[in-house]
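# Structural description and commentary
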Amino acid sequence: MSYASQISQDPPITNVGDKKAREIEEHLNLEPGWLDHEHPETISGQQQLKPGQIDEILAAKCVAAMMETLEKENMKMPSPRIFGAALITLYSASQSSGEIIDPLPVLRLAILAGTADD
């Protein structure tokens, strides 16, 4: 079962393994071990977000979908700058419905745009 499908379960299966957890923490600039602990204050449920606040569950689902797509498509992990830009785009596009859109086009465009800057 893929990580994206695990966290989409109700209730979510959140054991991603140490290696993937450290990769996600690194790409989100979280302190190492952050995913090893519950953070009940960050669970938004149906709570309305304040300006500037992010839905951390949706953000985690976006990261998982991107990681799964990279693996499935056998794509090389992009630089943190490109990964971050793709994550922001995917999160923003998915925010209105709360459902993750297909991350493949987003990743391809971010990678293409990133290589144009080099």
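Everything that follows concerns the structure shown earlier in this document.
Let me sum up the structure you'll find in this document. Keep in mind the model is a prediction, meaning the values are calculated, not measured. Going along each chain's sequence as written, the residues are numbered from 1 onward. Note on the predicted model: pLDDT of at least 70 is required for a residue's local features to be given, and 80 or more for side-chain atom pairs to be given and counted; whole-chain, interface and lining totals, by contrast, use all residues. As a convention, hydrogens and water are excluded, and side-chain values are obtained from all of the structure's heavy atoms.

### Remarks on the overall build of the protein
Where we set the bar: In this description a helix means any DSSP run of H or I spanning at least four residues, a strand means any run of E spanning at least two, and both kinds are numbered starting from the N terminus. Throughout, exposure labels follow a simple rule: accessible area from a 1.4 Å probe, protein chains only, divided by the maximum for the residue type, with under 20% read as buried, over 50% as exposed, and the rest as partly exposed. The protein chains shown are the only cover counted for residues, whose accessible areas, like all others here, come from Shrake-Rupley with a 1.4 Å probe.
Check the secondary structure of the protein and you find 5 helices and 0 strands. Going from N to C terminus, the protein has its helices and strands arranged as α-α-α-α-α. When burial is assessed residue by residue, the protein has 31% of its 118 residues classed as buried. Approximately 7,900 Å² of the protein is accessible, and the part contributed by carbon and sulfur atoms is 53%.

### Some details on unusual backbone geometry
Its identity is not glycine, yet N74 carries a phi of approximately 55°, on the positive side. For N74, a relative accessible area of 71% translates into the label exposed.

### Description of the nonpolar core
The cut-off we apply is this: Only buried residues count toward a nonpolar core. Its members are Ala, Val, Leu, Ile, Met, Phe, Trp, Tyr and Cys residues joined through side-chain atoms within 4.5 Å. We call two residues in contact whenever any of their non-hydrogen atoms come within 4.5 Å of each other.
By size, the foremost hydrophobic cluster in this structure holds 17 residues, and its most contacted members are C62, V63, M66, F83 and A86. Elements with a minimum of two residues in this core: helix 3 (56–72), helix 4 (80–95) and helix 5 (103–117). Element by element, the count of residues in this core is highest for helix 3, at 7 residues. Setting aside chain neighbours within four positions, we find F83 in contact with H27, V63, M66, M67, L70, M77 and P78.

### Here we look at the environment of L35
Locating L35 in the fold gives a position in the loop between helix 2 (18–27) and helix 3. For L35, a relative accessible area of 34% corresponds to the partly exposed category. Sequence separation of L35 and E25 is 10 residues, and the distance between their C-alpha atoms is 7.2 Å. The residues touching L35, leaving out its near neighbours within four places in the chain, are A21, I24 and E25.

### Points about the environment of N29
Secondary-structure assignment places N29 in the loop between helix 2 and helix 3. The exposed category is assigned to N29, whose relative accessible area is 71%. Spatially, the C-alpha atom of N29 lies 10.0 Å from that of G84, the residues being 55 residues apart in sequence.

On their own, these measurements won't tell you what the molecule is for.
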